[in-house]
Amino acid sequence: MKTVIENYDVVVVGAGHAGCEAALAAARLGLSTIMFTVSVNSIALMPCNPNIGGSSKGHLVKEVDALGGEMGKNIDKTFIQSKMLNCSKGPAVHSLRAQADKQAYSNEMRRTLENTENLVIRQGEVTKLLTENGKIKGVVTYSGAIYNCKAVVLCTGTYLKARCIYGDISNETGPDGLQAANYLTDCLKELGIEMFRFKTGTPARIAGNSIDYSKMEEQFGDKRVVPFSFSTDPEEVQIPQQSCWLTYTNEKTHEIIRNNLERSPLYSGMIEGTGPRYCPSIEDKVVRFADKNRHQVFIEPEGLYTNEMYIGGMSSSLPEDVQYEMYRSVPGLENARIVKNAYAIEYDCINPRQLYPTLEFKNIKGLFSAGQFNGSSGYEEAAAQGLIAGINAAMEIKGEEQLILDRSEAYIGVLIDDLVTKENHEPYRMMTSRAEYRLLLRQDNADLRLRKKGYQVGLVDEETYQKVLEKEQRIDEEIHRIEHVNIGATEKVQKLLESYGSTPLKSGTTLAELIRRPELSYEAVEPIDEDRPDIPWDVKEQVDINVKYDGYIRRQLKQVEQFKKLEAKKIPEDLNYEEVGSLRIEARQKLEMYRPVSIGQASRISGVSPADISVLLVYMEQYGKRRGKE
Ligand SMILES: Cc1cc2nc3c(=O)[nH]c(=O)nc-3n(C[C@H](O)[C@H](O)[C@H](O)COP(=O)(O)OP(=O)(O)OC[C@H]3O[C@@H](n4cnc5c(N)ncnc54)[C@H](O)[C@@H]3O)c2cc1C
């Protein structure tokens with residue numbers, strides 16, 4: 001057989017949530033791109049929870065959208081329920097979550113990919129990478145075909161040497177019985193890449209018509225739906241919604257699990273991979289939170305095309321017979337008919353400390369990676385990394401500046417910095433608590449924070465960019481106006497304050513000052529704001545938040561100034577830590593291992609103390625002077 005040889009600019013290995021964003025970014029930036037998957041019928045597959053977004057993950061989706069990515073638009077076209085979470089708390093943790101029709105989500109993403117210029121979708125397993133002098137040259141597929149290219153983005157997810165396990169049953173397949181990818185790991189190890197073995201798990205799927213919903217609490221979507229994408233017209237997403245349902249495990253469920261722990265592959269040692277602490281299986285919950293007498297169980301529709309229901313909160317790898325017993329002990333599931341067993345999946349991924357914050361490998365130029373393969377967990381985390389890796393592969397080929405988002409600019413910056421700087425020995429899941437500047441990194445202002453970056457790399461068009469500049473200007477003008485609108489202690493004003501249980505005015509104040517009162521808001525003071533201009537809802541939202549949290553925002557901006565100073569102190573790529581005399585051994589070893597790009601990144605490496613940073617700063621000053629003399 002004659003060897004097929006093809007040439008592309010970018011090869012993306014994977015058509016999951018990371019691969020789709022990476023391929024679209026590279027192709028939309030004008031690069032000829034080919035995207036491989038073991039099955040074209042599994043594009044943007046959601047092998048686990050049927051939803052996009054949620055706490056902190058909603059922020060990632062909004063940021064991907066603001067930068068010119070696809071996930072937000074795709075879920076706006078295929079959601080079946082939408083809810084804003086944490087509304088009773090501050091805006092920093094408000095998070096959108098939408099239930100997806102999984103099949104529609106995959107089909108819609110495929111349609112977008114197939115209609116994107118410069119992009120080819122290819123079913124086939126990539127088994128080998130070709131490199132020359134530390135630089136990527138191409139890939140080889142199972143059939144022996146060679147695809148030469150200038151950059152590769154690895155987004156292999158949960159497929160590398162995947163193994164699916166429940167009880168003592170184990171299958172060497174990818175998720176949902178799809179083919180595993182069993183060859184690439186060995187090639188990566190030969191190239192000196194350090195691999196990890198991780199695991200994750202999913203609950204059973206149960207036939208909806210075997211569920212008694214009268215024993216559960218119905219969970220409705222929001223009356224007014226907020227779209228994920230800043231480009232989606234809100235009127236287009238006001239659609240009839242599906243419900244989810246809430247029930248609970250009980251003592252009987254927990255007893256069934258406790259009585260069968262020795263048969264759990266998690267506890268029998270059959271599972272080697274490390275699982276996600278913040279996405280525990282029901283077995284783990286019963287063991288780790290033994291004091292809890294019940295755990296929430298969310299019954300979520302998989303889509304409009306089926307009555308299959310996802311049993312959220314009960315992922316497991318217990319034997320099949322125990323699964324029947326366990327699920328049927330839950331109120332409403334007494335007659336459950338299992339469509340798919342719960343299972344755990346083990347797979348190979350990398351130690352992400354081998355990557356620069358651009359998601360390029362330190363030891364192979366032109367090789368990038370994203371998603372679960374980088375040790376993260378979640379559709380949204382994958383999409384965020386895929387977008388950045390795709391942009392940077394394109395920038396590398398074009399010889400343009402690569403995109404690095406820092407911790408003060410985006411949750412994506414926090415995600416990638418945590419992956420490449422901190423020691424992750426389990427799947428990494430994003431949480432709002434990880435973002436120290438979360439008051440600035442709200443989901444509602446992702447466009448104001450990131451549209452410009454998307455425009456600068458070429459993914460956001462001129463019209464969209466101009467729109468956000470106009471929005472910024474309207475926000476500033478309106479804040480300026482209300483800071484200068486004087487309000488007197490008139491009867492009308494006092495009446496309004498009384499209606500909100502707010503202290504009556506003794507003397508004049510400004511409209512902005514009133515809005516800063518906890519019980520008031522930009523909306524609430526409208527009746528006493530005679531000259532209020534007609535402004536869009538999203539501008540009102542920004543005015544309200546920026547005025548109300550002005551003090552906290554200023555304080556956080558001050559902290560960011562300090563942070564940026566350390567981030568700006570770049571460490572020379574060729575600095576030899578052996579020469580930095582008074583560095584402690586542990587710090588020297590860690591700095592050599594991570595090769596941080598800045599003093600800021602160095603200060604976040606565990607084992608590098610503030611004293612080590614001072615030593616490094618002094619040494620870099622002398623180093624700079626020496627260089628200056630040469
Ligand atoms: C059983 C299960 C349970 C999960 N549970 C959770 C959970 O509870 N919480 C959570 O946050 N996330 C969970 N996830 C993870 C979630 O699915 C992933 O985070 C997400 O899909 C990652 O996206 P990705 O693009 O990195 O990889 P994937 O979506 O896995 O896509 C990988 C792609 O790479 C392709 N591919 C792989 N190797 C090759 C190769 N050599 N050649 C060609 N193509 C290749 C595949 O065909 C596929 O298209 C679970 C996943 C599974 C499978």
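Residues numbered from 1 in each chain as written. Predicted model: local features only at pLDDT ≥ 70, side-chain atom pairs only at ≥ 80, totals over all residues. Heavy atoms only, no water.

### Quick notes on the packing of aromatic side chains
Note the following rule: Ring geometry is summarised as follows: Phe, Tyr and Trp rings, the Trp one being its six-membered ring, pair when their centres sit within 6.5 Å, and such pairs are stacked at plane angles under 30 degrees, edge-to-face over 60 and tilted between the two. The helix and strand labels rest on DSSP assignments: H or I over at least four residues marks a helix, E over at least two residues marks a strand, and numbering proceeds from the N terminus. Each residue is placed in one exposure class: buried if its accessible area under a 1.4 Å probe, protein chains only, is under 20% of its type's maximum, exposed if it is over 50%, and partly exposed if it falls in between. A ring has a charge above it when a Lys NZ or an Arg CZ is no more than 6 Å from the ring centre and no more than 35 degrees off the ring normal.
Enumeration over the complete set of coordinates arrives at eight aromatic pairs. With 4.9 Å between their ring centres and 80° between their planes, Phe-36 and Tyr-147 make a pair best called edge-to-face. Residue Phe-36 is found in strand E3 (residues 33–37), and its partner Tyr-147 is found in strand E10 (residues 146–148); the two are separated by 111 residues along the sequence. By relative accessible area, which is 2% here, Phe-36 ends up buried. Plain terms: the ring middles of Tyr-549 and Tyr-552 are 6.3 Å apart, the flat faces sit at 45° to each other, and that makes the pair tilted. Here Arg-353 stacks its cationic end above the ring of Tyr-594, 5.9 Å away from the centre of that ring. Over the aromatic face of Tyr-522 sits the side chain of Arg-532, whose NZ or CZ is 3.6 Å from the ring centroid.

### Quick notes on the environment of Lys-471
Heads up, the condition is: Residues count as neighbours in contact if any of their non-hydrogen atoms are within 4.5 Å of one another.
As for its placement among the helices and strands, Lys-471 is situated in helix H13 (residues 462–483). In the structure, Lys-471 is positioned 67 residues away from Asp-538 in sequence and 8.6 Å away in space, judged by C-alpha atoms. Once residues within four sequence positions are removed from consideration, Lys-471 is found in contact with Asp-447, Leu-448, Asp-538, Val-539 and Gln-542.

### Description of the packing of helix H3 (residues 71–78) against helix H4 (residues 102–114)
As a reminder, the rule being used: Axis lines are fitted to C-alpha atoms, over the contacting stretch for helices. Their N-to-C directions set the angle, which ranges from 0 to 180 degrees. Any angle from 65 to 115 degrees is called roughly perpendicular, while one under 35 is roughly parallel, one over 145 is roughly antiparallel, and all others are oblique. Crossings are sorted by hand: turned counterclockwise from the far helix by less than a right angle, the near helix makes the crossing left-handed, and turned clockwise it makes it right-handed. Polar here means any residue other than Ala, Val, Leu, Ile, Met, Phe, Trp, Tyr, Cys and Pro, which are nonpolar, and Asp, Glu, Lys and Arg, which are charged; Gly is therefore polar.
Taken N-terminus to C-terminus, the directions of H3 and H4 make an angle of 130°; their axes are 9 Å apart at the nearest point. By the angle between their axes, H3 is oblique relative to H4. Classified by chirality, the crossing of H4 by H3 is right-handed. Contacts between H3 and H4 involve Met-71, Asn-74, Ile-75, Lys-77 and Thr-78 on the former and, on the latter, Ala-104, Tyr-105, Glu-108, Met-109 and Thr-112. Its residues assigned to classes, the contact of H3 with H4 comprises five nonpolar, three polar and two charged.

### Some details on the pattern of salt bridges
Pairing between side chains of opposite charge can happen when the charged atoms of each approach one another. This is how the line gets drawn: Whenever a carboxyl oxygen of Asp or Glu lies within 4 Å of a side-chain nitrogen of Lys or Arg, that contact is scored as a salt bridge.
As enumerated under the stated definition, the model contains 52 salt bridges in all. Between Asp-348 and Arg-197 there is a salt bridge, with the nearest N and O atoms lying 2.8 Å from each other. In this pair, Asp-348 sits in strand E21 (residues 343–350) while Arg-197 sits in strand E14 (residues 195–202), placing the two residues 151 residues apart along the sequence. For Arg-197, a relative accessible area of 23% gives the class partly exposed.

### Let's talk about unusual backbone geometry
Look at Asn-133: it is not a glycine, yet its phi comes out positive at around 50°. If you trace the backbone, Asn-133 turns up in the loop between strand E8 (126–132) and strand E9 (135–141). Here the phi dihedral of Arg-595 falls at roughly 45°; this positive angle occurs in a residue that is not glycine. By the secondary structure assignment, Arg-595 is in the loop between helix H18 (585–594) and helix H19 (599–603).

### Some points on the sheet that holds strand E22 (residues 367–369)
The following threshold applies: Two strands form a pair only when DSSP identifies at least two bridges running between them.
Across the sheet, five strands lie side by side as E7-E3-E2-E11-E22; this open sheet has parallel pairing. Of all strands in the sheet, those bounded by a partner on one side alone are strand E7 (119–123) and E22. Taking each pair of neighbouring strands and ignoring which way they run, the sheet shows an average axis angle of 20°. Lying over the sheet, helix H1 (residues 17–28) contacts strand E2 (10–13), E3, E7 and strand E11 (151–154), oriented at roughly 165° with respect to E3. Running at roughly 165° to E22, helix H10 (residues 379–398) makes contact with E2, E11 and E22 of the sheet.

### Digging into the pairing of strand E18 (residues 296–301)
Relative to E18, strand E17 (residues 244–248) runs antiparallel, the two sharing four bridges. When the sheet's bridge partners are listed, Leu-246 is paired in E18 with Phe-298. When E18 meets strand E19 (residues 308–312), the two strands line up antiparallel, connected through four bridges. Along E19, the bridge assignment pairs Glu-300 with Tyr-310. Hairpin connection of E18 to E19: six residues between the antiparallel strands.

### Digging into empty space enclosed by the protein
Heads up, the condition is: Both cavities and pockets are sets of points on a 1 Å grid over the protein atoms alone; in a cavity a 1.4 Å probe fits but cannot get out, in a pocket the set is open with protein on both sides within 12 Å along at least five of seven lines, and lining residues sit with an atom within 4 Å of a point. Grid points are joined across faces, edges and corners, and a volume is the space filled by probe spheres set on the points.
All chains considered together, the criterion is met by one cavity of 30 Å³ or more. Estimated volume of the largest cavity: approximately 40 Å³. Lining the largest cavity we find Ile-75, Asp-76, Phe-79, Ser-82, Leu-96, Ala-98, Val-225, Val-226, Pro-227 and Phe-228. Elements represented by at least two residues in the lining of the largest cavity include exactly H3, strand E5 (79–85) and strand E6 (95–100).

### A word on the site of the ligand
Heads up, the condition is: Definition of nearness: a residue and a molecule or strand are near each other if at least one heavy atom of the residue lies within 4 Å of the molecule or strand. Pairing of N or O atoms within 3.5 Å defines a polar contact, subject to two protein rules: one partner must be a possible hydrogen donor and the other a possible acceptor, and residues neighboring in sequence count only if both atoms are side-chain atoms. Each accessible area is a Shrake-Rupley result for a 1.4 Å probe, and residues are judged covered by the shown protein chains and nothing else.
Around the ligand, the surrounding shell holds 34 residues, and the nearest of these are Ala-18, Thr-37, Val-126, Gln-372 and Gly-378. Residue Ala-18 places a main-chain N or O atom 2.8 Å away from an oxygen atom belonging to the ligand. Residue Thr-158 places a main-chain N or O atom 3.2 Å away from an oxygen atom belonging to the ligand. Contact with the protein chains covers 97% of the free accessible surface of the ligand, which is 980 Å². Per-element accounting of the shell around the ligand gives the leading share, three residues, to E14. For the shell around the ligand, the per-class residue count stands at 17 nonpolar, 15 polar and two charged.

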